[in-house]
Amino acid sequence: RRTDSIREDGLMIMSQEKNEQPVFVPLPPFVVELAGKLPPKSREYFFWTGTSTIKTAVNDWSEKMRQLYVEAGIEGKRTHEWRDTLAIEVLEGGGSLEDVQLLLGHRSRKTTEKYYVALTKKRMEKAIEARRRTWDAEAVAIGLLPATSA
């Protein structure tokens with residue numbers, strides 16, 4: 001079973017061990033370039049040998065990510081934090097919970113909601129507040145409210 005690869009177009013394909021759902025992560029070009037500087041663990045796989053135990057595969061993954069962090073000049077970041085970073089960036093960029101579900105390989109939408117619905121609530125609150133600020137600007141523009149000096 002194909003566990004990992006980084007395609008030439010920058011799409012990283014992983015397999016979720018918990019539910020065997022594929023996870024597709026588009027990588028920015030600079031990450032693909034950094035990954036290209038590191039040797040893959042085997043001919044078929046970037047992060048692991050393809051024949052090791054789960055524990056060894058996890059250790060291989062962590063070590064390869066550490067090497068990528070060093071190449072990128074990143075310190076103090078845990079590998080699993082990147083899942084949260086990806087989810088937040090997708091949601092803040094206008095993506096849906098379904099988009100996050102697909103990218104993270106969650107079989108159930110409920111799993112995605114459990115971890116990320118609070119982020120969508122925060123986005124909604126920010127959007128509402130932004131809209132309220134535009135009301136004030138519109139009211140000033142048409143003379144209903146006095147202009148305030150900042």
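Now for a look at the structure at hand. (Residues numbered from 1 in each chain as written. Predicted model: local features only at pLDDT ≥ 70, side-chain atom pairs only at ≥ 80, totals over all residues. Heavy atoms only, no water.)

## A short note on the overall build of the chain
- What the chain contains, in helices and strands, is five helices and three strands.
- Starting at the N terminus and walking to the C terminus, you meet the elements of the chain as β-β-β-α-α-α-α-α.
- Here the C-alpha radius of gyration of the chain, 21 Å, is well above what a compact globule of 150 residues would show, namely 15 Å.
- A principal-axis box enclosing the C-alpha atoms of the chain has dimensions of 70 × 35 × 30 Å.
- Burial status across the chain gives 28% buried among its 150 residues. (Helix = DSSP H or I, 4+ residues; strand = E, 2+ residues; numbered from the N terminus. Rg over C-alpha atoms; globule rule 2.2 N^0.38 Å. Buried < 20%, exposed > 50% of the residue type's maximum accessible area, 1.4 Å probe, protein only.)

## With respect to the pattern of salt bridges
- Evaluation of the coordinates by the stated rule reveals five salt bridges.
- Ionic pairing is found between Arg 109 and Glu 98, a salt bridge with its closest N-O pair at 2.0 Å. One end of the pair, Arg 109, is in helix α5 (residues 109-141); the other, Glu 98, is in helix α4 (residues 97-104), and eleven residues separate them in sequence.
- Looking at Glu 98, the relative accessible area reads 39%, which means it is partly exposed.
- Connected through shared salt-bridge partners, Glu 98, Arg 109 and Glu 113 make up one network. (Salt bridge = Lys/Arg side-chain N within 4 Å of Asp/Glu carboxyl O.)

## So, the nonpolar core
- Ranked by size, the top nonpolar core spans 22 residues in total, and within it Leu 68, Val 100 and Tyr 116 carry the most contacts.
- Of all the secondary structure elements, the ones that give two or more residues to this core are β2 (11-15), β3 (22-26), α1 (29-36), α2 (54-72), α3 (81-92) and α4.
- Setting aside its immediate chain neighbours within four residues, Tyr 116 contacts Arg 83, Asp 84, Ala 87, Leu 91, Leu 97, Val 100, Leu 104 and His 106. (Core = buried A, V, L, I, M, F, W, Y, C linked by side-chain atoms within 4.5 Å. Contact = heavy atoms within 4.5 Å.)

## Some details on the packing of α4 against α5
- Put simply, α4 and α5 touch, their axes get as near as 10 Å, and they point 125° apart. On the basis of the axis angle, α4 is oblique to α5. Seen along the crossing, α4 lies across α5 with a hand that is right-handed. Contact residues: α4 offers Leu 97, Glu 98, Val 100, Gln 101 and Leu 104, while α5 offers Arg 109, Thr 112, Glu 113, Tyr 116, Val 117 and Thr 120.
- Partitioned by chemical class, the residues of the contact of α4 with α5 number five nonpolar, three polar and three charged. (Axes fitted to C-alpha atoms, helices over the stretch in contact; angles between N-to-C directions. Parallel < 35°, antiparallel > 145°, perpendicular 65-115°, else oblique. Left-handed = near helix turned anticlockwise from the far one by under 90°. Nonpolar A, V, L, I, M, F, W, Y, C, P; charged D, E, K, R; others polar.)

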